[in-house]
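# Chains, contacts and geometry: an overview
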Amino acid sequence: MAASAGTLARSAAAVLGAGALAGAATAAYAHFIELNNFTIRTETLPVLPAGSPDFKVLHISDMHMIPGQRPKRDFMHSLAELKPDLVINTGDNLSHISGLPALLDALDPLLDFPGVYVPGSNCYFAPVAKNPARYLWKKNTGDEANQETRAPLPTQDMHDAFDARGWLGLINRYDTLTLKGLRLEFSGVDDPHLDYDRHPGFSPTAFERQPAPSLRLGICHAPYLRTLNRFVADGAQAIFAGHTHGGQVCLPGGRALVSNCDLPPERAKGVSLQGNIPVQVSAGLGTSRFAQVRLFCPPEAVLVTLTAP
Ligand SMILES: [Fe+2]
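Residues numbered from 1 in each chain as written. Predicted model: local features only at pLDDT ≥ 70, side-chain atom pairs only at ≥ 80, totals over all residues. Heavy atoms only, no water.

### Quick look at the overall build of the protein chain
- Helices and strands together make up the secondary structure of the protein chain, namely seven helices and twelve strands.
- Burial status across the protein chain gives 53% buried among its 309 residues.
- When contacts within the protein chain are restricted to residue pairs at least 6 apart in sequence, those whose partners lie at least 24 apart make up 75%.
- For the protein chain, the exposed area adds up to about 13000 Å²; of that, 58% sits on carbon and sulfur atoms. (Helix = DSSP H or I, 4+ residues; strand = E, 2+ residues; numbered from the N terminus. Buried < 20%, exposed > 50% of the residue type's maximum accessible area, 1.4 Å probe, protein only. Contact = heavy atoms within 4.5 Å. Areas by Shrake-Rupley, 256 points an atom, 1.4 Å probe, with all protein chains shown as cover.)

So, in structure tokens, the structure goes:
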């Protein structure tokens, strides 16, 4: 028997209603639950010279701090219990022109540890409102890089505060640190997403002079392929980057649809290889304040243990 027009209309309304309800529930979960479901991912990179003791790197990225983010602040404080040998901060620290006090409060315990940092675009310019879904179809959100549409952030004050606590800025420069008997050679670049990157290479002489075990690390915010290739060509033995947010809104299982740069989306989070050099990409700890959702991609800090082979 054919259904009446009224029955069909009621069925369609029920289906649409259920779909809308499921969509609303997913959006609510992505905003209210997963956004604050902070996790610690662990990785092991066998990149140290033979006989070296393990070395713990805490990799943080993309905090996008705005005032009032208490759960994120409490999580950041808890990370000090990991007692890292080194903190690597790969940028995008702010998402609000008034976010600096909250950022420095959240980072306060970690600033007691040796650290290095590079900036991302969200260390220079405040975000602008836009349709958050465009993150899913724009490979490279070009207008993010257009500083003329974005308010400046207190970049220098932030970097001065980091420097005052002993963190090393690697803004188109190389530097070295010796920690736990390990000589670390860094090469860092300003944000490739803004085309601010100018590769400094690695210290040309310090490496050879030192008898201590040593390791060359490339540090950047956005892991564009040109950046990774240049680090590899310069002699990096491992690379750390952020920027991708791990895809931020992913398919079940965490499969990323985008990386927000030319890195293949399947490399948007975790350790992958560029040539035979490991690249550790953080999914980040935050989001733009205008796109505060995460799905199948929880915010993370990454504890990377460097070991001998
Ligand atoms: Fe970011």
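### Description of the pairing of strand 3 (residues 86–89)
- Burial of strand 3 is two-sided: the residues L86 and I88 facing one way and the residues V87 and N89 facing the other way are all buried.
- Judged from the four bridges that link them, strand 2 (residues 55–60) and strand 3 form a sheet pairing that is parallel. In the sheet register, L58 faces strand 3, and the bridge partner there is V87.
- Handedness of the crossover joining strand 2 and strand 3 through helix 2 (residues 70–78) is recorded here as right-handed.
- Relative to strand 4 (residues 115–117), strand 3 is paired through three bridges, and the arrangement is parallel. Looking at strand 4, one finds that V87 is bridged to G115.
- For the crossover that starts at strand 3, traverses helix 3 (residues 100–107) and ends in the parallel strand 4, the hand is right-handed. (Pairing = 2+ DSSP bridges. Right-handed = clockwise from strand over helix to strand, strands pointing away.)

### Things to note about the nonpolar core
- In this structure, I60, M76, L103, L107, L110 and W167 are the most contacted members of the largest nonpolar core, which totals 28 residues.
- If you list the elements that add at least two residues to this core, you get strand 2, helix 2, helix 3 and helix 5 (155–164).
- Those residues in contact with I60 that lie beyond four places of it in its chain are M76, L79, V87, I88, N89, T90, L107, L110, W167, L285 and A301.
- Listed in part, the 23 residues of the second largest apolar core include L48, F55, L215 and L217. (Core = buried A, V, L, I, M, F, W, Y, C linked by side-chain atoms within 4.5 Å.)

### Description of the sheet that holds strand 9 (residues 238–241)
- Pairing in this open sheet of six strands is mixed, and the strands run 6-7-8-9-11-10 from one edge to the other. Bordering the open sheet on either side are strand 6 (173–179) and strand 10 (270–274), each of which pairs with just one other strand. Neighbour-to-neighbour, the strand axes of the sheet open up by a mean angle of 25 degrees, direction not taken into account.
- Pairing between strand 8 (residues 214–219) and strand 9: three bridges, direction parallel. Residue pairing for strand 9: G218 is matched across the bridge by I239.
- Across the sheet, helix 7 (residues 225–234) touches strand 7 (182–188), strand 8, strand 9, strand 10 and strand 11 (277–281), and the angle it forms with strand 10 is around 65 degrees. (Axes fitted to C-alpha atoms, helices over the stretch in contact; angles between N-to-C directions.)

### Some words on the sheet that holds strand 1 (residues 39–45)
- Strand order in the open sheet made by the six strands is 1-12-2-3-4-5, with mixed pairing throughout. The open sheet terminates on both sides in strands that have one partner only, identified here as strand 1 and strand 5 (168–169).
- Bridge analysis of strand 4 against strand 5 gives two bridges, and the strand direction is parallel. Residue pairing in the sheet places Y117 in a bridge with G169 of strand 5.

### Quick word on the coordination of the iron ion
- Taken together, the protein donors to the iron ion comprise D62 (OD), H64 (NE2), D92 (OD) and H245 (NE2), at separations of 2.0 to 2.2 Å.
- Here the iron ion is ringed by four donor atoms whose angles at the metal span 91 to 167 degrees, and the overall shape comes out irregular.
- Of note, the donors binding the iron ion are all from one chain and are spaced D-x1-H-x27-D-x152-H. Of this pair, D62 sits in the loop between strand 2 and helix 2 while H245 is found in the loop between strand 9 and strand 10, placing the two residues 183 residues apart along the sequence.
- For D62, a relative accessible area of 0% translates into the label buried. (Donors = N, O, S within 2.8 Å, 3.2 Å for Na, K, Ca; no water. Tetrahedral: all angles 85-135°; square planar, octahedral: opposite > 155°, others 65-115°.)

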